[in-house]
Amino acid sequence: LRWNEIGSDGASKLAAALEKNATLATLELGLNEIGPDGASKLAAALEKNATLATLELGGNDIGDSILVKITTMLERLHPRPHPRIHRHHLMTRT
């Protein structure tokens, strides 16, 4: 879903879907103008999602505090191997 300009509203709708997700393991949302509000909703959804292992958010200006929150959620859900952060690309697989 890269470069689709979904914005904060689109991220909120995706967050609602992620709360019920049982199959999606990777989600690429780079360059979508998500911002901190949309990223916060995605972070909250990760608390209820045990499946998503890779989340790419580069180019969304989400802010460091939201990035830390999302990373913490991914680490909690997928403790081995530890998530890597590369330009807001969060993953648990090596």
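Residues numbered from 1 in each chain as written. Predicted model: local features only at pLDDT ≥ 70, side-chain atom pairs only at ≥ 80, totals over all residues. Heavy atoms only, no water.

## Digging into the overall build of the protein
Okay, so step 1: The secondary structure content of the protein amounts to three helices and four strands.
Okay, so step 2: When the helices and strands of the protein are read in sequence order from the N terminus, they spell out α-β-α-β-α-β-β.
Okay, so step 3: Counting every position in the protein, which comprises 94 residues, the buried fraction comes to 44%. (Helix = DSSP H or I, 4+ residues; strand = E, 2+ residues; numbered from the N terminus. Buried < 20%, exposed > 50% of the residue type's maximum accessible area, 1.4 Å probe, protein only.)

## Quick word on the packing of helix 2 (residues 35–46) against helix 3 (residues 64–77)
Okay, so step 1: Contact pair helix 2 / helix 3: the axes reach a minimum separation of 9 Å and the direction vectors enclose 15 degrees. When the interaxial angle is binned, helix 2 and helix 3 end up roughly parallel. Remark: the crossing between helix 2 and helix 3 carries left-handed chirality. Within the contact between the two elements, helix 2 uses P36, A39, S40, A43 and L46 and helix 3 uses I66, K69, I70, M73, L74 and L77. (Axes fitted to C-alpha atoms, helices over the stretch in contact; angles between N-to-C directions. Parallel < 35°, antiparallel > 145°, perpendicular 65-115°, else oblique. Left-handed = near helix turned anticlockwise from the far one by under 90°. Contact = heavy atoms within 4.5 Å.)

## Here's the deal with the environment of T72
Okay, so step 1: By secondary structure assignment, the location of T72 is in helix 3.
Okay, so step 2: On the basis of relative accessible area, T72 is assigned to the partly exposed category, the value being 32%.

## Things to note about the packing of helix 1 (residues 7–18) against helix 2
The packing of two helices is summarised by the inter-axis angle and the distance between the axes.
Okay, so step 1: Contact pair helix 1 / helix 2: the axes reach a minimum separation of 8 Å and the direction vectors enclose 5 degrees. Viewed along their axes, helix 1 and helix 2 adopt a mutual orientation that is roughly parallel. Together, S8, A11, S12, L14, A15 and L18 of helix 1 and D37, G38, K41, L42 and A45 of helix 2 make up the contact between the two elements.
Okay, so step 2: Taken together, the residues of the contact of helix 1 with helix 2 break down into six nonpolar, three polar and two charged. (Nonpolar A, V, L, I, M, F, W, Y, C, P; charged D, E, K, R; others polar.)

## Some thoughts on the pattern of salt bridges
Okay, so step 1: This structure, assessed with the given rule, holds two salt bridges.
Okay, so step 2: Its salt-bridge partner being E56, residue R2 comes within 2.7 Å of it at the nearest N-O pair. Highlighted residues: R2 in the segment before helix 1 and E56 in strand 2 (residues 54–56), separated in sequence by 54 residues.
Okay, so step 3: By relative accessible area, R2 is classed as partly exposed at 38%.
Okay, so step 4: Put simply, K48 and E19 hold a salt bridge, and the shortest N to O gap is 3.8 Å. Taken together, the positions of K48 in the loop between helix 2 and strand 2 and E19 in the loop between helix 1 and strand 1 (26–28) put the pair 29 residues apart, joining distant regions of the chain. (Salt bridge = Lys/Arg side-chain N within 4 Å of Asp/Glu carboxyl O.)

## Section: unusual backbone geometry
Okay, so step 1: Phi is positive for E5, close to 50 degrees, though the residue is something other than glycine.
Okay, so step 2: Note that E5 resides in the segment before helix 1.

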